[in-house]
Amino acid sequence: GMPRTDDEPAFCLLPNSEPEAGAIHASTLATLHHLRPSQSFLLCDAGGGTVDTAVYKLMGQLSELEIAEMCVRSGANTGSLFVDLKFEELLRRM
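Residues numbered from 1 in each chain as written. Predicted model: local features only at pLDDT ≥ 70, side-chain atom pairs only at ≥ 80, totals over all residues. Heavy atoms only, no water.

### Here's the deal with the confidence of the model for the chain
Mean pLDDT over the chain stands at 79; residues scoring 70 or higher make up 82%. Across the chain, helix α2 (residues 80-93) holds the top mean pLDDT of 91, while helix α1 (residues 18-28) sits lowest at 77. (pLDDT = per-residue confidence, 0-100. Helix = DSSP H or I, 4+ residues; strand = E, 2+ residues; numbered from the N terminus.)

Shown next as structure tokens:
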């Protein structure tokens, strides 16, 4: 949106990595997933090229929830693209 005054920003944009964005979204669904403050959860982003995992902990109260990364996130080139390539390789050998 547009600012209403010269001093008011139009919006606040905070850059996040893909796993962080997923964790933020998951934390907004805390009630749906029966998550409570101080609980940890594992986020797995299985995409076409990579599979990334990260562990986060919910901090604070549900009304003002924060998340904290509990360990260094990791990723590997093991996404569905590589499964497809191995399957094609298997078919060629038959």
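### A closer look at α1
What α1 keeps buried is the set Pro19, Ala23, Ala26 and Ser27. The buried side chains of α1 occupy one side of the element, clustering within an arc of 100° when seen end-on. Counted as exposed and oriented over 90 degrees from the buried face of α1: Glu18, His25 and Thr28. (Buried < 20%, exposed > 50% of the residue type's maximum accessible area, 1.4 Å probe, protein only. Arc of directions from axis to C-beta.)

### Digging into the nonpolar core
In terms of nonpolar packing, the biggest core is built from nine residues, these being Ala23, Ala26, Ala30, Leu35, Phe41, Leu43, Ala54, Tyr56 and Leu58. Listed by contribution, the elements that provide at least two residues to this core are α1, β1 (40-46) and β2 (51-59). Counting residues per element, this core draws most heavily on β2, which supplies three residues. (Core = buried A, V, L, I, M, F, W, Y, C linked by side-chain atoms within 4.5 Å.)

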